[in-house]
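The chain contents come next:
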Amino acid sequence: MLVNNLAYWGCNQYIVQRALGADLKTARSGILFAAFLKLLIPLIAVLPGITMYVLHSNGMFQKKW
């Protein structure tokens, strides 16, 4: 998936043209902001699974009779 994302953000004509059409400061900050948002997606997708695994392995979901 990482290679796919690099290919999308580096080779997509729409993304590249937006960066090249702006002045350097705006283009750099825009691309860095988009990269920051893109890096949050794995965290949002993986963090709940890790949390549930840790809770399950600690016995949080076992019935206590």
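**Focus: the overall build of the protein chain**
What the protein chain contains, in helices and strands, is 3 helices and 0 strands. Scanning the protein chain from its N terminus toward the C terminus, one meets helices and strands in the order α-α-α. Buried positions account for 6% of the 65 residues belonging to the protein chain. Accessible area of the protein chain: about 6100 Å², with a carbon and sulfur share of 71%.

**Quick look at helix H3 (residues 24-57)**
In a regular helix each residue adds 1.5 Å, so 34 residues correspond to 50 Å; H3 covers 50 Å between its end C-alpha atoms and thus fits that length. Phi turns positive one or two residues past the end of H3, at Gly59, with a value near 80°.

**Some details on the environment of Val16**
Looking at where Val16 falls in the secondary structure, it is placed in helix H2 (residues 13-21). Among the residues examined, Val16 registers a relative accessible area of 25% and is labelled partly exposed. Residues Val16 and Ile31, 15 residues apart in the sequence, show an inter-C-alpha distance of 9.6 Å.

**Considering a nonpolar patch on the surface**
Together, Val46, Ile50, Tyr53 and Val54 make up an exposed nonpolar region whose accessible area comes to about 400 Å². Mapped onto the secondary structure, Tyr53 falls in helix H3.

**Remarks on the confidence of the model for the protein chain**
Chain-level pLDDT for the protein chain is 80 on average; 82% of the residues reach the 70-or-more range. Confidence, expressed as mean pLDDT per element, reaches its minimum in the protein chain at helix H1 (residues 2-11) with 67 and its maximum at H3 with 86.

The rules we used
- Residues numbered from 1 in each chain as written.
- Predicted model: local features only at pLDDT ≥ 70, side-chain atom pairs only at ≥ 80, totals over all residues.
- Heavy atoms only, no water.
- Helix = DSSP H or I, 4+ residues; strand = E, 2+ residues; numbered from the N terminus.
- Buried < 20%, exposed > 50% of the residue type's maximum accessible area, 1.4 Å probe, protein only.
- Areas by Shrake-Rupley, 256 points an atom, 1.4 Å probe, with all protein chains shown as cover.
- Expected span 1.5 Å × (residues − 1).
- Patch = residues over 30% accessible without salt bridge, like charges linked within 9 Å, V, L, I, M, F, W, Y side chains within 5 Å.
- Salt bridge = Lys/Arg side-chain N within 4 Å of Asp/Glu carboxyl O.
- pLDDT = per-residue confidence, 0-100.

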